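Now for the letters of each chain:
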Amino acid sequence: MKVGLYPGSFDPITNGHLDIIERAAQLFEVLYVTVFRNTLKAPLFTVEERMAMIAEATAHIPNVMVDQFDGLLVNYARGKGARVIIKGLRAVSDFEYEFQMAQMNKKLEPGVETLFMMTSSKYSYLSSRIIKEISFFGGCVDGLVPGGVARRLNQKFREGKIPGKPAGDGGDFS
Ligand code: PNS
């Protein structure tokens, strides 16, 4: 079985991520979209909320499985029998960091390949960080994120949540 992995923070999923998922799902029998449970970051959404938003946005793609992981990505890949990690590239600025990770993952697990896909140009300026910032300051994110995500962002900010920092401390949106 051809298994692919599309890992990320997905805090939250954007239409740029969804574009990659829709295209990558055509290359594999199963595509795991997997949320990294990163203890070093202070995400806006819990892992469960992020998984729920991804599941909702990908409900129309039958071979997508939504999952989560912690620890090394290559260990997770091995456990799932996946030989390909999918990464989206929006611009040259993404390249250096992604290149470093791909090389390191190759060193850690030579049997796993990283496959880069160019993000559709209409979403090349999108990032989860900028979506949170726009939404936090009351801007409209319709058409940039799946419907359920816009609703949940509004809800978070109505509850007084500030991304990246404890409430009342500014927030850095990362
Ligand atoms: O959406 P992001 O934050 O750019 O995703 C980064 C992610 C989760 C893919 C990356 O940080 C990762 O793979 N983390 C897992 C830990 C790991 O394997 N680190 C070594 C990578 S060389």
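As a convention, each chain's residues are numbered from 1 in the sequence order in which they are written. Side-chain atom pairs in this predicted model are given and counted only at pLDDT of 80 or more, local residue features only at pLDDT of at least 70, and totals for whole chains, interfaces and linings cover all residues. For the side-chain quantities, the full set of heavy atoms in the structure was used; hydrogens and water were omitted.

Observations concerning the site of the ligand
Near, as used in this document, describes a residue that has one of its heavy atoms within 4 Å of the molecule or strand being considered. As a matter of local geometry, the ligand sits amid 13 residues, with Ser9, Phe36, Gly71, Leu72 and Leu73 nearest to it. A distance of 2.8 Å is found between an oxygen atom of the ligand and a backbone nitrogen or oxygen belonging to Leu73. Secondary structure follows DSSP: runs of H or I at least 4 residues long count as helices, runs of E at least 2 residues long count as strands, and numbering of each begins at the N terminus. The biggest single contributor to the shell around the ligand is helix 4 (residues 92–108), with three residues. Residues that form the shell around the ligand fall into these classes: seven nonpolar, four polar and two charged. Pairs of N or O atoms within 3.5 Å make up the polar contacts considered here, provided that, within protein, one atom can donate a hydrogen while the other can accept it, and that residues adjacent in sequence are counted only when both atoms are side-chain atoms. Amino acids outside the nonpolar list (Ala, Val, Leu, Ile, Met, Phe, Trp, Tyr, Cys, Pro) and the charged list (Asp, Glu, Lys, Arg) are all regarded as polar, and Gly is one of them.

Focus on the packing of aromatic side chains
Pairing of aromatic rings covers Phe, Tyr and the six-membered ring of Trp, with a centre-to-centre limit of 6.5 Å; geometry is then stacked below 30 degrees between planes, edge-to-face above 60, and tilted otherwise. This model, assessed by the stated rule, comprises six aromatic pairs. Judged by centre distance (5.1 Å) and plane angle (75°), the rings of Phe136 and Phe137 are edge-to-face. Think of it in three bands: with a 1.4 Å probe and only protein chains considered, a residue is buried below 20% of the maximum accessible area for its type, exposed above 50%, and partly exposed in between. Exposure remark for Phe136: the relative accessible area of 25% places this residue in the partly exposed category. Here Phe136 and Phe157 contribute two aromatic rings whose centre-to-centre distance is 5.2 Å and whose plane-to-plane angle is 80°, an arrangement assigned as edge-to-face. Of this pair, Phe136 sits in helix 5 (residues 128–136) while Phe157 sits in helix 6 (residues 147–158); the two residues are 21 residues apart in sequence, bridging distant segments of the chain.

Examining the nonpolar core
Of all hydrophobic cores here, the largest spans 34 residues; its most connected members are Tyr6, Ile21, Leu31, Val33, Ile86 and Leu153. When residues in this core are grouped by element, the largest group, five residues, is from helix 2 (residues 47–57). Sequence-distant contacts of Tyr6, defined by excluding residues within four places in its chain, comprise His17, Ile20, Ile21, Leu31, Tyr32, Val33, Thr34, Ile86 and Gly88. Only buried Ala, Val, Leu, Ile, Met, Phe, Trp, Tyr and Cys residues count toward a nonpolar core, and they belong to the same one when joined by side-chain atoms within 4.5 Å. Counting 11 residues, the second-largest nonpolar core is a separate cluster that includes Val3, Phe69, Leu73 and Ala82. Every residue pair with non-hydrogen atoms within 4.5 Å of one another is taken to be in contact.

Some points on the confidence of the model for the protein
Per residue, pLDDT captures the predictor's confidence, and it can take any value from 0 to 100. On average, residues of the protein score 92 in pLDDT, and 94% of them reach the 70 mark or higher. Note on residues 166–171: pLDDT is under 50 here. Beyond four places in sequence and across chains, it has eight contacts.

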